[in-house]
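Per-entry structural report
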Amino acid sequence: MKFALEKKDSQSQARAGQIQTDHGLINTPIFMPVGTAGTVKAVHQRELKEDIQAQIILGNTYHLYLRPGLDILEKAGGLHKFNGWDRPILTDSGGYQVFSLAGTRKIKEEGVTFKSHIDGSKHNFTPENVMDIQRTIGADIIMAFDECTPYPCEYGYARNSMDMTHRWLKRCIDRFDATEGKYGYHQTLFPIVQGSVYKDLRKQSAEFIAAQGREGNAIGGLSVGEPAEMMYEMTELVTEILPADKPRYLMGVGTPANILECIALGVDMFDCVMPTRNARNGMLFTSEGIINIRNEKWKDDFSPIDPLIGNYASSFYSKAYLRHLTVSKEILAAQIASIHNLSFYLWLVGQAREHILSGDFGVWKDAMVKKVSTRL
């Protein structure tokens, strides 16, 4: 994987760049739709490519490991062949999912023992086998196995967790570097900065991660319930330490406003389930603000959902029609809303990139943050 920095904003830390992978180019800053179990919910691959114009999507190690399982994925030739997506894929390590199973898992130095949420069967994740699992899934970018601390979190727990995450990272790197990809293309490993909301721990973790010299780096353990200002403070501290010539990925973030503010802090890559999850509940993100499509006020609004975005679903269907589908609990409502929200997120980061390249990102960002945070 190669990263080329094209332009840096003069008024902030925002950057425009390009990531080269064996499955294609990714223009940054970028938003990555989340395809937890090998699918971005309610969206076809053709829609992802042609309408949403996604450049990279996510898969989840925990979910794919449990179902369909590694034997099926390997027989298929990896996740790209299995789901028909021929552009880059990133897999998270499953750490977040495992640690969210608080009542059914045990964390030890060796790794984590957990029970499947599907059938209660017992499984074990270690830094080594999580590298092997992600090799088999076949993502272009794979994540180190870490512990995502909750918020709030005691300082002592956060420090011990961070230290273990660092020890696990060394084991991930050793295993990754000792193995090869299975499907004839290059894979790259991103370490993850932890440290909860403690400045000294975040600084220590960012320095440790930067010193590993990998091709890209991630920031984890944020957007887990802490106030937005605290997230921005931790992100700024970390981006000042992580090397400028490597892509920076802020995991699990977030709202449109969060993304714009964190682009200004020097983050290049984002993912979040919010656009698809909220779409299924009738919340639409638009270039003018946030719409709850269930509200009565949209009942006879026959204007397009958001013609500015430019994709078919946003331009063709009216707010009134989508409201009708939503209150009628028609499956098409989730499809239209998901395609629209993801298209909006990709449009938003694309606009951010254009304004970084044209030199007026700061002015545009401040105006856009207000717009996208307004409830219509």
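Refer to the structure presented above.
Overview of the structure. None of these values were measured; they are calculated from a predicted model. (Residues numbered from 1 in each chain as written. Predicted model: local features only at pLDDT ≥ 70, side-chain atom pairs only at ≥ 80, totals over all residues. Heavy atoms only, no water.)

**Remarks on unusual backbone geometry**
Between Thr28 and Pro29 the backbone carries a cis peptide bond, its omega angle lying at 5 degrees. Mapped onto the fold, Pro29 is located in the loop between strand E3 (24–28) and strand E4 (30–32). Residue Arg67 is joined to Pro68 through a cis peptide bond whose omega torsion reads 15 degrees. When you line up the elements, Pro68 lands in the loop between helix H2 (61–66) and helix H3 (70–76). With a phi angle near 70 degrees, Ala42 is a residue other than glycine that sits in the positive phi range. You can see Ala42 is positioned in the loop between E4 and helix H1 (45–52). Under the relative-accessibility criterion, Ala42 is labelled partly exposed at 33%. (Helix = DSSP H or I, 4+ residues; strand = E, 2+ residues; numbered from the N terminus. Buried < 20%, exposed > 50% of the residue type's maximum accessible area, 1.4 Å probe, protein only.)

**Overview of a positive patch on the surface**
On the surface, Lys106, Lys108, Lys115 and Lys122 cluster together to form a positively charged patch. Under the relative-accessibility criterion, Lys106 is labelled exposed at 60%. (Patch = residues over 30% accessible without salt bridge, like charges linked within 9 Å, V, L, I, M, F, W, Y side chains within 5 Å. Areas by Shrake-Rupley, 256 points an atom, 1.4 Å probe, with all protein chains shown as cover. Salt bridge = Lys/Arg side-chain N within 4 Å of Asp/Glu carboxyl O. Lys, Arg positive; Asp, Glu negative; His and termini not counted. Charge placed at Lys NZ, Arg CZ, Asp CG, Glu CD.)

**Quick notes on the packing of helix H9 (residues 228–239) against helix H10 (residues 256–264)**
Across the interface, H9 lies against H10 with an axial gap of 10 Å and an inter-helix angle of 25 degrees. Judged by the angle between their axes, H9 and H10 are roughly parallel. Here the hand of the crossing between H9 and H10 comes out right-handed. Seen from H9, the contacting residues are Ala228, Met231, Tyr232 and Thr235; seen from H10, they are Ala257, Asn258, Glu261 and Cys262. Considering only residue class, the contact of H9 with H10 consists of 5 nonpolar, 2 polar and 1 charged. (Axes fitted to C-alpha atoms, helices over the stretch in contact; angles between N-to-C directions. Parallel < 35°, antiparallel > 145°, perpendicular 65-115°, else oblique. Left-handed = near helix turned anticlockwise from the far one by under 90°. Contact = heavy atoms within 4.5 Å. Nonpolar A, V, L, I, M, F, W, Y, C, P; charged D, E, K, R; others polar.)

**Quick word on the layout of surface pockets**
In this model, the largest pocket occupies a volume close to 820 Å³. If you trace the largest pocket, you find 38 residues lining it, with Tyr96, Gln97, Gly252, Asp271 and Val273 closest to the centre. Of all elements in the fold, only strand E5 (57–60), helix H5 (95–100) and helix H11 (274–280) reach the threshold of two or more residues within the lining of the largest pocket. With 5 residues, the single largest contributor to the lining of the largest pocket is H11. Partitioning the lining of the largest pocket into residue classes produces 13 nonpolar, 19 polar and 6 charged. (1 Å grid on protein atoms, 1.4 Å probe; cavity = no way out; pocket = protein on both sides within 12 Å on 5 of 7 lines; lining within 4 Å. Points joined across faces, edges and corners; volume = space filled by probe spheres on them.)

**What to know about the pattern of salt bridges**
Enumeration over the complete set of coordinates arrives at 16 salt bridges. Glu207 is the partner of Lys203 in a salt bridge, and the nearest nitrogen-oxygen pair spans 2.8 Å. Of the two residues, Lys203 and Glu207 both sit in helix H8 (residues 199–211), 4 residues apart, roughly one turn of that helix. You can call Lys203 partly exposed: its relative accessible area is 42%. Among the ionic pairs, Asp366 bridges to Lys365, the shortest N-O distance being 3.1 Å. On the basis of relative accessible area, Lys365 is assigned to the buried category, the value being 10%. Through salt bridges with shared partners, a single ionic network connects Glu110, Glu128 and Arg171.

**Topic: the pairing of strand E9 (residues 122–125)**
What you see with E9 is a clean split: His123 and Phe125 sit on the buried side and Lys122 and Asn124 on the side with no burial. As defined by bridge partners, strand E8 (residues 112–115) adjoins E9 across 4 bridges and the pair is classed as antiparallel. For Lys115, the partnering residue across the bridge sits in E9 and is Lys122. Between E8 and E9, which pair antiparallel and follow one another directly, the connecting turn spans 6 residues, one of which, Gly120, has a positive phi of 80 degrees. (Pairing = 2+ DSSP bridges.)

**Description of the sheet that holds strand E15 (residues 269–271)**
The parallel open sheet is built from 5 strands, whose spatial order is E4-E15-E14-E13-E12. The sheet is open, and its two edges are formed by E4 and strand E12 (192–193), each paired on a single side. Inspection of the sheet shows strand E13 (residues 217–219) paired to strand E14 (residues 248–250) by 3 bridges, in the parallel sense. Following the sheet pairing, Asn217 is matched in E14 by Arg248.

**Some points on the pairing of E8**
Because side chains alternate across E8, one face comprises the buried residues Val112 and Phe114, and the other comprises Thr113 and Lys115, none of which is buried. Across 3 bridges, the pairing between strand E7 (residues 105–107) and E8 is antiparallel. Looking across to E8, one finds that Lys106 is bridged to Thr113. The antiparallel hairpin formed by E7 and E8 contains 4 residues in its connecting segment.

**Points about the environment of Lys370**
With respect to the helices, strands and loops of the structure, Lys370 is situated in helix H15 (residues 361–372). For the pair Lys370 and Val193, spaced 177 residues apart in sequence, the C-alpha to C-alpha distance is 30 Å.

**Focus on the packing of aromatic side chains**
Per the stated rule, a full pass over the model turns up 16 aromatic pairs. Of the aromatic side chains, those joined through ring pairs into one cluster are Tyr62, Tyr65, Phe114, Phe125, Phe145 and Trp168. Positioned over the ring face of Phe176 is Arg135, at 4.0 Å from the centre of the ring. (Phe/Tyr/Trp six-rings, centres within 6.5 Å; stacked < 30°, edge-to-face > 60°. Lys NZ or Arg CZ within 6 Å of the ring centre and 35° of its normal.)

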